[in-house]
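Architecture and fold: a report
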Amino acid sequence: MGSLGEEAKDWIVSIVVAVVLAFFIRQFIVELYIVDGPSMRPTLQSQERLIVNKFVYKIREPKKGEILVFQYPRDPRRDFIKRVIATAGDTVEIKDGRVFVNDQLLNEDYILEKTKSEYPKSTVPKGTIFVMGDNRNNSEDSRFADVGFVPLDLIKGKAMLVFWPVSQLKTLP
């Protein structure tokens, strides 16, 4: 009977350790997300599963071109996924369907099509970033007042890998 009790104790300890470890990993290191909607097409498709690195932005700020997950400013219970276009101190402007950062035309081979909207030249405030979806004409992003410049403290992490469906397995910039 003693060995059965010891085995049950070992199982309970193992399960508790696994749960604590899983919680720690999910809370501080990586989290899984599902892409919901067409705003990042063609780079990401709706229902793809991503691994998001939650740790990287604790040691550095986001860089232009990275794809990240952040809390929607109007409703922090919702998460958005977008691409970083400009960071603090940069100017951003959209004219004639083209995006300019610091007066330089962005080379955007990842977008679905040119944007049909304009955006006046603006400077990204300190502590924020400017984000856009790759499907510019079907994306709620920094061009719109409800999203605007995204505060760094609303960023959840950097999208690192599409892992599902397996046929679409790829790393992200």
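Since we're looking at a predicted model, the values are computed, not measured.

Unoccupied space between atoms shows up once a probe the size of one water molecule is rolled over them. Of the voids in this model, the largest pocket is the one considered here, and its volume is about 390 Å³. Elements with a contribution of two residues or more to the lining of the largest pocket: strand S1 (30-34) and strand S4 (79-87).

Two strands pair when backbone bridges link them, and S1 and strand S2 (residues 49-53) are joined in this way by five bridges, in the antiparallel orientation. Looking at S2, one finds that Leu32 is bridged to Ile51. Of the strand pairs in this sheet, S2 and strand S11 (residues 155-164) are connected by five bridges, and their pairing is antiparallel. Counterpart to Asn53 in the pairing with S11 is Lys158.

The next thing to look at is the nonpolar core. Counting residues in hydrophobic clusters, the biggest one holds 13 residues, and the most contacted among them are Leu68, Phe70, Ile129, Val147, Val150 and Ile155. Contributing elements (two or more residues each) for this core: helix H2 (56-59), strand S3 (67-71), S4 and strand S9 (128-132). Not counting residues within four places of it along the chain, the set of residues in contact with Leu68 comprises Tyr57, Pro62, Phe80, Ile81, Lys82, Val84, Ile129, Ile155, Gly157, Lys158 and Ala159.

Another aspect to go through is the pattern of salt bridges. What the rule picks out here adds up to nine salt bridges. Linking Lys64 and Asp90 is a salt bridge whose minimum nitrogen-to-oxygen distance equals 3.0 Å. With Lys64 in the loop between H2 and S3 and Asp90 in the loop between S4 and strand S5 (91-95), the pair connects residues that are 26 residues apart, well separated along the chain. On the basis of relative accessibility, which here comes to 8%, the residue Asp90 falls in the buried class. Notably, a salt bridge pairs Asp75 with Arg77, separated by 3.0 Å at the nearest N-O pair. For Asp75, a relative accessible area of 18% gives the class buried.

The feature "active site" (unreviewed entry), as given by UniProt, occupies Ser39 and Lys82 in the numbering adopted here. The greatest C-alpha distance among the residues just named is 7.9 Å, despite their covering 44 residues of sequence, which places them together in space. Considered against the largest pocket, the annotated residues that line it turn out to be Ser39 and Lys82. Along the chain, the position of Ser39 falls in the loop between S1 and S2. When near neighbours in sequence (up to four residues on either side) are disregarded, Ser39 contacts Ile81, Lys82, Gly133, Asp134, Asn135, Asn138 and Ser139. Polar contacts involving the side chain of Ser39 include one to the side chain of Lys82, which spans 2.9 Å. Note that Lys82 resides in strand S4. A relative accessible area of 4% places Lys82 in the buried class. Setting aside residues up to four positions removed in sequence, Lys82 forms contacts with Ser39, Met40, Glu66, Ile67, Leu68, Phe70, Val131, Met132, Gly133, Ser139, Glu140 and Asp141.

Before going further, it helps to spend a moment on the sheet that holds strand S7 (residues 104-105). Here four strands make up an open sheet; going across it, the order is S7-S6-S5-S8 and the pairing antiparallel. Each of the sheet's edge strands pairs with one partner strand only, and the pair in question is S7 and strand S8 (119-123). When strand S6 (residues 98-101) meets S7, the two strands line up antiparallel, connected through two bridges. When the sheet's bridge partners are listed, Val101 is paired in S7 with Gln104.

Definitions and cut-offs
Residues numbered from 1 in each chain as written. Predicted model: local features only at pLDDT ≥ 70, side-chain atom pairs only at ≥ 80, totals over all residues. Heavy atoms only, no water. 1 Å grid on protein atoms, 1.4 Å probe; cavity = no way out; pocket = protein on both sides within 12 Å on 5 of 7 lines; lining within 4 Å. Points joined across faces, edges and corners; volume = space filled by probe spheres on them. Helix = DSSP H or I, 4+ residues; strand = E, 2+ residues; numbered from the N terminus. Pairing = 2+ DSSP bridges. Core = buried A, V, L, I, M, F, W, Y, C linked by side-chain atoms within 4.5 Å. Buried < 20%, exposed > 50% of the residue type's maximum accessible area, 1.4 Å probe, protein only. Contact = heavy atoms within 4.5 Å. Salt bridge = Lys/Arg side-chain N within 4 Å of Asp/Glu carboxyl O. UniProt positions renumbered as here; feature names shortened; annotations may be inferred. Polar contact = N/O pair within 3.5 Å; in protein donor to acceptor, adjacent residues only side chain to side chain.

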